[in-house]
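# Coordinate analysis (summary)
Listed here are the chains, written in short residue letters.
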Amino acid sequence: MSTYTAIISWKRGDQAFIDNRYSRAHVWRFDGGIEVVASSSPRVVPLPFSNAVAVDPEEAFIASLSSCHMLWFLSIAAKRKFRVDSYTDNAEGIIEKNEAGKLAMTRVTLRPDVSFSGEKIPSRAELDQIHH
């Protein structure tokens, strides 16, 4: 078993709060010491109550799925002796109403673009197998 942690911190400051006009900006702190400025998306909560340059939970969700897939892919490719030079994923998530009529992340599409070099290059079938 492994345990992973994150500290999510938000402070009201001098905002009234109960009028629903407060900043959604907050900080994510991870065990390695990195801090990430986070906020609701400006598509969900209008400016100035969100922070457009911060990472929003929807982006983080998509990035975590893409990152997880990439790390597994790299591990499998290395074990099969395929030398990966670069991996870029232009991942996309869709929020729409689900079957219950509630907004939800209903689909995440990964679009990995991988470059290889060396004597052993995977075939299309091998590449598809590694991704799946």
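Check the entry above for the structure.
Please read all numbers here as calculations on a predicted model, not as lab measurements.

The rules we used
Residues numbered from 1 in each chain as written. Predicted model: local features only at pLDDT ≥ 70, side-chain atom pairs only at ≥ 80, totals over all residues. Heavy atoms only, no water. Pairing = 2+ DSSP bridges. Helix = DSSP H or I, 4+ residues; strand = E, 2+ residues; numbered from the N terminus. Axes fitted to C-alpha atoms, helices over the stretch in contact; angles between N-to-C directions. Buried < 20%, exposed > 50% of the residue type's maximum accessible area, 1.4 Å probe, protein only. Contact = heavy atoms within 4.5 Å.

Right, let's get into the sheet that holds strand β1 (residues 6-9). Strand order in the open sheet formed by 3 strands is β1-β2-β3, and the pairing between neighbours is antiparallel. The open sheet has two edge strands, β1 and β3 (35-38), and neither has a second partner. Each adjacent strand pair in this sheet contributes to an overall mean axis angle of 20°, direction not counted. Across 4 bridges, the pairing between strand β2 (residues 26-30) and β3 is antiparallel. Opposite His26, over in β3, you have Ala38 as the bridge partner.

When you line up the elements, Tyr22 lands in the loop between β1 and β2. Given the relative accessible area of 17%, Tyr22 is considered buried. When the C-alpha atoms of Tyr22 and Lys11 are compared, they prove to be 9.9 Å apart, with 11 residues separating the residues in sequence. The residues contacting Tyr22, other than those within four sequence positions of it, are Trp10, Gln15, Phe17 and Phe49.

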